[in-house]
Amino acid sequence: MTLTLTETAPAAMQDNPAARILIVDDTLTVRLYCSQLLKRAGFAVSEAINGLEGLEQALQQRFDLFVVDINMQKMDGYAFLAEVRRHPDLRAIPAVMMSTEQGRDDITRAYLSGANFYLTKPIDPVRFLATVNLMTGVTCP
Amino acid sequence: MPLRSNLPPTPAEIAAQAAETADLAASFVEEARALLEEANAALLTLERNPGDAEAVNALFRCVHSIKGAAGLFDLPALIHLVHAAEDLLGAMREGRLRIDGELADALLAGLDRVATWIERFRSEGDLPAGSIEEARKFAALYRARLDGLDGATQVAEATARADAPPAWAQGAASAIAAAAPDAASVVLADYAPDEGCFFAGEDPLRLVLATPGLCWLEIVPAQDWPDAQAFDPFACNLRFRMAARAPRDAIEHHFRYVPDNVMLIEADVESLAADAPKDGDGDGGAPVGLPTLAIELLETQARALDLPGRHGQVGDIETTVRNLCRALDLPCPLVDGPADADSLATAIAHLLRSGARKDPAEEAAVAGAAPMIAPMGDGAPDRAEATGERTLRVEQGKVDTLMNLVGELTVAKNALPFLARDAEVRFGSRELSREIKDKYAVIDRIARQLQNAVMDIRMMPVSDLFKRFPRLVRDIARKQDKKVRLVIEGETTEADKNIIEALAEPLTHVLRNSLDHGIEPAQARITAGKAEIATLRLCAFQDGDSVVIEVIDDGRGIDPDKVRAKAVERGLLDAERAAQLSDAQAMQLVFLPGFSTAEAISDLSGRGVGMDAVRTVVERFGGQVTLDSRPGHGTTVQMKLPLSMAVTRVLTVEMAGQLYGVPMDLVVETVRIEPQAIRRFKASEAVVLRDQVVPIARLRTMLAMEEHRPALESVLILRVANALIGLVIDDFGTGMDIILKPFSGILTNLSGFSGTAVLGDGRVLLVLNLKEIL
């Protein structure tokens, strides 16, 4: 019944994250999974459960990348990205949209809203991490 | 050579670790359960009110979230099922389809199946054999409803499955046989990816090349190539036909995310016949060796530049391009300072032409790169903080331990009054005695607060129990063709977790009784001049130290004469006694073991357990159950249970110098009466108390002690099973809180006592089980 988050990234990485990622997704399991992946890879991760909360956090602290789901209550991923692209402080931050939607219209809409890349769920962890590495400018050792 | 452990983990390693985390699976199971419950509730709401857009959205969101989370695990069947359900709900959301009873049944059945799979996944870590077939059945059921709708997703012809080898395989028979010379049979697969699959991030060729045991492959256009002007480079127009030497299961598993696009047939190699030699690709899985992800990313940015609505805002694209160069250690073709769309387009084109193409080894390195640079200050905010969660999950065992300790504390503190008396009587220090009493008052108060606080942790709203009933009521009502409206009231009322959990079964039984025997079919109700739709109320409220749960129906009620007759027929009592019972008393006969008023035993409630089972459970938790009914108007079953069960308040009574405990909740009052006020009626005794005749029982007789006739009789007036009874004892003691310990070992079967408690001065108190004695 007890839930603990394990982070096994080397201590140095936790203190000095490679980049800060904001995950905006309404599914706890997906957030938990992504944040575990990213934290193990040395990123600092924040989570928001919908676009509105995501926007609130994005305005409070600096992020290097948004990882955004589409279907969420209150404010969906499209609306979140549209707001981000409208805001002078946020518009230069890249965003990956990640959803189970596979229809062409959804993906087109994602790019129209301001996404820089689209990944489909189920999440391919290797592809996901590689994408995050590339988009945040993380160099290979 | 550096030690592996010194290197940062590769994404693949990280992924493997993350997927193995039990936390994630546990989180998924818990979240999926909650989502399923929510989905069930939304579905029921929707069925009642088919136009409820809010409910459709909620339902869609739940199913969608389950699908998203399930994708993290290897659960193809589950995903296939929820995917189909999601398509159906999508059509509903767009208003192309309306809910009806049949559709609700199909969706509920699907959700149930998913629920059992989730439980199986929790215990076994996988899904049962045959789950894929079952998922297909559900998917077909759902698709059948979508077919024929305007603009509905047409089922790919590929889902049609034939047994005979397809024409293309027969045509390529010799090539296939040559590629699999020593195999008896091969699996033939025909894979037709969706036209828009590239947009879904699928890579059909890569998937095909990684097919286990792939030995023969043919790629053909799905449709004739159109002329250059109509050609859409983003549409997949390919069809893959292959033969593989691997078990069918393995192939099925390999294509588990695109089951609708693949047709599999197992074929006998000999029957395909052979002579032409052709080299096969052994076990397949050729890696694609280009930095495809970087190219993909760059191409996507180039396309994004041209999208309408950008209005020259390209900061994010610029960041992406610069970061990509940094990650790949490429010189960035962009000059310093903000870039415009044109310079970005040029830079991307340049990168695509030259730098980005690297060899596979380096591609692997990119994929394997863990971030090493370290900008910026403090760490990420705590997860709980980020998501606004304010709850703490604790194992129940820990709370139980805490509760036991509080219990011990309560007992231990009770030693202080004894100590105070000793101080005064034995040591003659009145001052010390008062001091001890003062301190006792403080400790007592704190102990009480602590007890309340711990008890509060164990308190749960009854809604956790009630929320399962809308579905139950709906299903039974539907099955029996009755129209029922379930009204739930007071669901925020709280009670001890154990009590709530123990009530599930009896409450289910009472509800089923109402639905089976109480509520009439719609037609009968109309004939009787009642509302067509019956009302079933499920209410909870707090009453002092008790929680009361009532099930009230407006059905046909219980005929007391029928109850009397049935009880006599069952030999539960003789006809004469039965006739003497008041109607209200007769009703209570249904609680006797072996009683059932059902004319025909239904498959739902006639399972051998009757109201006596309900009574047993309720009484085990120190509660009472009563039934009240008006023929033709309905029945009310009331269950009254203590709010918490850890600490019991008893009144001590003295018997021949021994102390016994009587549960305080049974005690109505204590009286002292003159012996002659007790009158004899044949073998029994009674006393008239404020114009009410109260039967008398003597505890000495019951405990087989010798008789004792004092000048004044001490009588405890008790309410047992809704009737008053006077219990003659030697003397009254005081009331106290005790931790009741049930008997264990060879004393378990000792009747007449419900357990023991240790007193503050070390004496053992036997607590009487009066319901049993009387």
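Parameters and conventions
Residues numbered from 1 in each chain as written. Chains lettered and ligands numbered in written order. Predicted model: local features only at pLDDT ≥ 70, side-chain atom pairs only at ≥ 80, totals over all residues. Heavy atoms only, no water. Helix = DSSP H or I, 4+ residues; strand = E, 2+ residues; numbered from the N terminus. Buried < 20%, exposed > 50% of the residue type's maximum accessible area, 1.4 Å probe, protein only. Contact = heavy atoms within 4.5 Å. Pairing = 2+ DSSP bridges. Axes fitted to C-alpha atoms, helices over the stretch in contact; angles between N-to-C directions. 1 Å grid on protein atoms, 1.4 Å probe; cavity = no way out; pocket = protein on both sides within 12 Å on 5 of 7 lines; lining within 4 Å. Points joined across faces, edges and corners; volume = space filled by probe spheres on them. Nonpolar A, V, L, I, M, F, W, Y, C, P; charged D, E, K, R; others polar. Phe/Tyr/Trp six-rings, centres within 6.5 Å; stacked < 30°, edge-to-face > 60°. Lys NZ or Arg CZ within 6 Å of the ring centre and 35° of its normal. Core = buried A, V, L, I, M, F, W, Y, C linked by side-chain atoms within 4.5 Å. Domains from an automatic or database assignment.

Here we come to the overall build of chain A. Of the regular secondary structure elements, chain A holds six helices and five strands. Helices and strands appear in chain A in the N-to-C order α-β-α-β-α-β-α-β-α-β-α. Counting over 141 residues, chain A shows a buried share of 65%. Sequence separation of at least 24 residues holds for 62% of the intrachain contacts in chain A that already meet a minimum separation of 6.

As a further point, take the sheet that holds strand β5 (residues 117-120) of chain A. Residues and elements named next belong to chain A. The strand order across the open sheet formed by five strands is β2-β1-β3-β4-β5, and the pairing between neighbours is parallel. Lying at the two open borders of the sheet, with one neighbouring strand each, are β2 (44-48) and β5. Neighbour-to-neighbour, the strand axes of this sheet turn through a mean angle of 20 degrees, independent of strand direction. Sheet topology places strand β1 (residues 20-24) next to strand β3 (residues 65-68); four bridges connect them, and they run parallel. Note on β3: the bridge partner recorded for L22 is F66.

Residues and elements named next belong to chain B. Here P212 shows up in the loop between α9 (204-209) and β2 (214-221). Residue P212 is classed as partly exposed on the basis of its relative accessible area, which comes to 25%. Spatially, the C-alpha atoms of P212 and I251 are 6.7 Å apart, while their sequence positions differ by 39 residues. Setting aside chain neighbours within four positions, we find P212 in contact with A244, A246, A250, I251 and H254.

Right, let's talk about empty space enclosed by the protein for a bit. The rolling of a water-molecule-sized probe over the atoms marks out the regions of remaining empty space. Residue and element names in this part refer to chain B. Applying the stated rule across the entire model yields five cavities of 30 Å³ or more. The volume enclosed by the largest cavity comes to roughly 120 Å³. For the largest cavity, the lining is made up of 14 residues, of which R698, R700, H708, V728 and D730 are closest to its centre. For the lining of the largest cavity, the secondary-structure elements that each account for two or more residues are α28 (699-702) and β19 (723-729). Tallying contributions element by element places α28 first for the lining of the largest cavity, with three residues. Across the lining of the largest cavity, the residue classes tally to six nonpolar, two polar and six charged.

Turning our eyes to something else, we now look at the pairing of strand β10 (residues 624-630) of chain B. Consecutive residues of a regular strand have side chains that alternate between opposite faces of the sheet. All names here are of chain B. In this structure, β10 lies alongside strand β11 (residues 634-642), joined through seven bridges in antiparallel fashion. Each residue of the ladder has a partner; that of D628, found in β11, is T636. The antiparallel hairpin formed by β10 and β11 contains three residues in its connecting segment, where G632 sits at a positive phi of about 85 degrees.

What follows is about the packing of aromatic side chains. A full pass over the atoms with the stated rule returns nine aromatic pairs over all chains. Among the aromatic side chains, those forming a connected cluster through ring pairs are F63, F66 and F80 of chain A. Positioned above the aromatic ring of F60 of chain B, the side-chain terminus of R93 of chain B is 3.7 Å from the ring centre.

For the rest of this paragraph, the subject is the nonpolar core. One finds F66, F80 and F128 of chain A together with L78 of chain B to be the most contacted residues of the largest nonpolar core, which totals 127 residues. Looking at which domains feed residues into this core, each of domain 1 (11-154) and domain 3 (292-369) of chain B gives three or more. The contacts of F128 of chain A, once residues within four sequence positions are left out, are C34, L37, L38, V67, M98, L119 and I123 of chain A.

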